[in-house]
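# Breakdown of the fold
Spelled out from the first residue to the last, the chains are:
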Amino acid sequence: MNVSEYVIMTDSCCDLPAGMAEELGLEVLPLRLELEGKEYRNLLDGSEIGFREFYDRVRDGAMPVTSAVNVGEFDAAMRPVLEAGKDILCLCFSSALSTTYQSAVIAARELEESFPGRKVRVVDSLCASMGQGLFVWLCAREKKRGTTLEELWDYVERTKGRVCHWFTVDDLNHLKRGGRVSAAAALFGTMLSVKPVLHVDDQGRLIPMEKCRGRKASLLALADHMEKDALDPEHGPVFISHGDCLEEAEFLAEEIRRRFGTKTIHISYVGPVIGSHTGAGVMALFFVGRSR
């Protein structure tokens, strides 16, 4: 198969910079959020709601509500690709955190009946934010090397369990809203300046792992986990996403360069859909490890 005969599709929870997604030739479907009575698409370029604007409004007390990509939206995006005679590899936000993957599966099943000669492969990435972005980036790189759809499907299954996610939040109250920590833990953690370190496990779930006293300690803990788990920390690539705290993201990136001599580090915003559940100040580190 010529590599031009299939398309890599994903959703906006990959949190990739818009220019990078375009360069990789991705088709990206937006999730949505409702904020103070208005609905916005979570577009990678922030054109419907800017990233700084979003986090400023959250800091001021706005309470966003998010929604997944639905079956009809997947159908509308997939159908023209299939009509053009191309196949699809669709890499979705973790099914443990969103119904986006299930919607893609339903749309793909119905479309394959209408287009019996075409293939629609849907993947539960078990990833989130730029962890999903890193996974998509790796797959797109393989496609550019001439990998066929079936070969890439095998690569996907070998790789997705090795994309490591480590992150910390600045405000425990957003995790309390999502049921990740108790109200008492949020209250006392905030009083004591406790910063939780969490990861996304091999089932795509958000799991608290440890507690740090103070923000700097929590950022250094992310680098500590990379030191323990990374497969090739020098050559990366490493992705960092942040909730409107670029200076601290650059601090973490510099710490990683200092420790490991890492050559490739990409920094971008945590988009507003994921940021709705983490709040401002979230910091996340993603790299390829031996396992999660």
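Let me begin by describing the structure that accompanies this report.

Here is what the cut-offs are and how they apply
Residues numbered from 1 in each chain as written. Predicted model: local features only at pLDDT ≥ 70, side-chain atom pairs only at ≥ 80, totals over all residues. Heavy atoms only, no water. Helix = DSSP H or I, 4+ residues; strand = E, 2+ residues; numbered from the N terminus. Buried < 20%, exposed > 50% of the residue type's maximum accessible area, 1.4 Å probe, protein only. Contact = heavy atoms within 4.5 Å. Pairing = 2+ DSSP bridges. Right-handed = clockwise from strand over helix to strand, strands pointing away. Axes fitted to C-alpha atoms, helices over the stretch in contact; angles between N-to-C directions.

Before going further, it helps to examine the environment of V200. Of note, V200 is situated in strand β9 (residues 194–200). The buried category is assigned to V200, whose relative accessible area is 3%. Between the C-alpha atoms of V200 and K216, which are 16 residues apart in sequence, the distance is 21 Å. Apart from residues lying up to four places away in sequence, V200 is in contact with L126, H165, R205, L206 and R292.

Within strand β6 (residues 87–92), 6 of the 6 residues are buried, which leaves it mostly tucked inside the rest of the structure. Where strand β1 (residues 6–11) and β6 come together, 5 bridges link them in parallel fashion. What sits directly across from Y6, in β6, is D87. Pairing of β6 with strand β7 (residues 120–124) involves 5 bridges; the strand directions are parallel. Its bridge partner being in β7, C90 is matched across the sheet by V122. Chirality of the crossover, the property in question, places the unit of β6, helix α4 (residues 100–114) and β7 among those that are right-handed.

Here the focus is the sheet that holds strand β2 (residues 27–29). Pairing in this open sheet of 4 strands is parallel, and the strands run β2-β1-β6-β7 from one edge to the other. Where the open sheet ends on each side, the last strands, each with one partner, are β2 and β7. Each strand axis lies, on average, 20° off the axis of its neighbour in the sheet, ignoring direction. Together, β1, β6 and β7 form the strand contacts of helix α5 (residues 129–144), whose direction differs from that of β1 by roughly 175°. Strands in contact with helix α6 (residues 149–159) are β1, β6 and β7; relative to β6, the strand with the most contacts, it is inclined by about 15°.

With that settled, consider the pairing of β1. Taken across its 6 residues, β1 has 6 buried, putting it largely inside the fold. Relative to β2, β1 is paired through 3 bridges, and the arrangement is parallel. Each residue of the ladder has a partner; that of D11, found in β2, is L29. After leaving β1, the chain enters helix α1 (residues 18–23) and then returns to the sheet as β2, a path that is right-handed.

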